[in-house]
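So the chains spell out like this:
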Amino acid sequence: MIPITVVDVGDAEPLVLEVLRSGVIAQGPMVKRFEDLFAQVAGVEHAVAVNNGTTALVASVQALDLQPGDEVVTSPFTFVATLNAILEAGATARFADIDAEDFNVDPAAVAAAVGPRTKVLMPVHLYGQTADMGKLVPLAEEHGLTIIEDSAQAVGATFDGRPAGSFGIGCFSLYATKNVTTAEGGVITTSDAALADKLRVMRNQGMRARYQYEMAGHNYRLTDLHAAVGIPQLEKLADINAKRSANATALSAGLADIPGLRVPSVLPGRTHVWHQYTVLVTEDAKVDRDEFAAKLTEKGIGNGTYYPKVVFDYDCYRDNPNVITSDVPVATRVAQQALSLPVHPKLTAEQIDTIVATVREVLA
């Protein structure tokens, strides 16, 4: 089986041992070192490490002190953490349809979704390519909205040379399958010193110093052990993403002319970090997406459906008054057609050839 992803953290052993020998295994100097590196990657003044990517989103919304009924406009085609974080923070979620070219929110749909209670725009930089921040930033400025970027899959991605996570409040995941992983973990990025200070106090049970409480806070801390796992990957992030990009280029060259298969695009002005390589199995294909996925699995090609439904299309959200559904035909269609193929840095040229040959065998 050629796996859909491979976790490689072997370079972390010296730093992990350093942490273990130091006796400081909770949040400490290694977290600070990780944060400083991450801030450089994201092109911001501050990076605040937390215990996972969902927490990054929750804390970012909580820090804005929204009132009941205040709305966050986001994408319907995303991992459920995006929606769960909005609800956990006490806000109301509203959805804007996506553009099938980049799988991200369509700025025109976002503009139509903005209303009198909208306070936040939360674009999701899906699969490793940013949303159209050139249109979303002016839209947010026009309406006085805060941008929270769900950058969970986009560490190192850029729009017009500007990194994901630098357009507003950036929220990253460090889960095991991400381009940079600490097994579990997350990061919030910002150039707002006051916001960063608030988030650091919030993540530490509301304490600025021991037993000096300034707010009702949480335990959102990352450990030094987790940070030690992530630092070597941050240091070689350019190489990691370059390898993913080379693999994506090879896949697209091999798959470009298959009837019923649409390969992913890199839109002008953007760099794609290829957290996932996601194709669309269209109505012209010989088999539908689910049959295609099953046949690939039978033939030893790992694959993943990210995501099989729009995020609000589950019973647990249907009667939730803080989930405002809407007609999202593009996202609904894409959810039925999208399938991700292996693109991770450990792929060999022979494995890429095998993936291409197998896809052709199934769809030809």
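Above this text you will find the structure in question.
Residues numbered from 1 in each chain as written. Predicted model: local features only at pLDDT ≥ 70, side-chain atom pairs only at ≥ 80, totals over all residues. Heavy atoms only, no water.

Q: I keep staring at helix α13 (residues 349–363) and nothing clicks. Help me out?
A: Note on helix geometry: an α-helix contains 3.6 residues per turn, so any two residues three or four positions apart are oriented the same way. Given a rise of 1.5 Å per residue, 15 residues ought to cover 21 Å, and the 21 Å separating the end C-alpha atoms of α13 matches this to within 8%. Inspection of α13 places I352, I355, V356, T358, V359, V362 and L363 among the buried residues, and these make up the whole buried set. Buried residues in α13, looked at end-on, bunch into an arc of 165 degrees, giving them a common side. Seen from the open side of α13, the exposed residues pointing more than 90 degrees away from its buried face are A349, E350, D353 and E361. In the core, the buried residues of α13 are packed alongside α9 (237–255), β14 (261–262), α10 (289–298) and β18 (338–341). (Helix = DSSP H or I, 4+ residues; strand = E, 2+ residues; numbered from the N terminus. Expected span 1.5 Å × (residues − 1). Buried < 20%, exposed > 50% of the residue type's maximum accessible area, 1.4 Å probe, protein only. Arc of directions from axis to C-beta. Contact = heavy atoms within 4.5 Å.)

Q: Help me out: how do you make sense of α9 in this one?
A: End to end, α9 covers 27 Å across 19 residues, agreeing with the expected 27 Å (1.5 Å per residue, within 8%). All of the buried residues in α9 are L237, I240, N241, R244, N247, A248, L251, S252, G254 and L255. Along α9, the residues classed as buried sweep out an arc of 165 degrees about the axis, all on the same side. Residues A238, D239, T249 and A253 are exposed on α9 and point more than 90 degrees away from its buried face. Check the buried side of α9 and you find it contacts α2 (29–42), α8 (224–235), β14, β16 (277–281), β18 and α13.

Q: Is there a simple way to think about the sheet that holds β16 in this case?
A: Across the sheet, 3 strands lie side by side as β14-β16-β18; this open sheet has antiparallel pairing. Here the strands that pair on one side only, and so sit at the sheet edges, are β14 and β18. As judged from the 2 bridges shared by β14 and β16, these two strands associate in the antiparallel manner. The partner of R262 across the bridge, within β16, is L280. Contacts from α9 reach β14, β16 and β18 within the one sheet, and its direction differs from that of β16 by about 20 degrees. (Pairing = 2+ DSSP bridges. Axes fitted to C-alpha atoms, helices over the stretch in contact; angles between N-to-C directions.)

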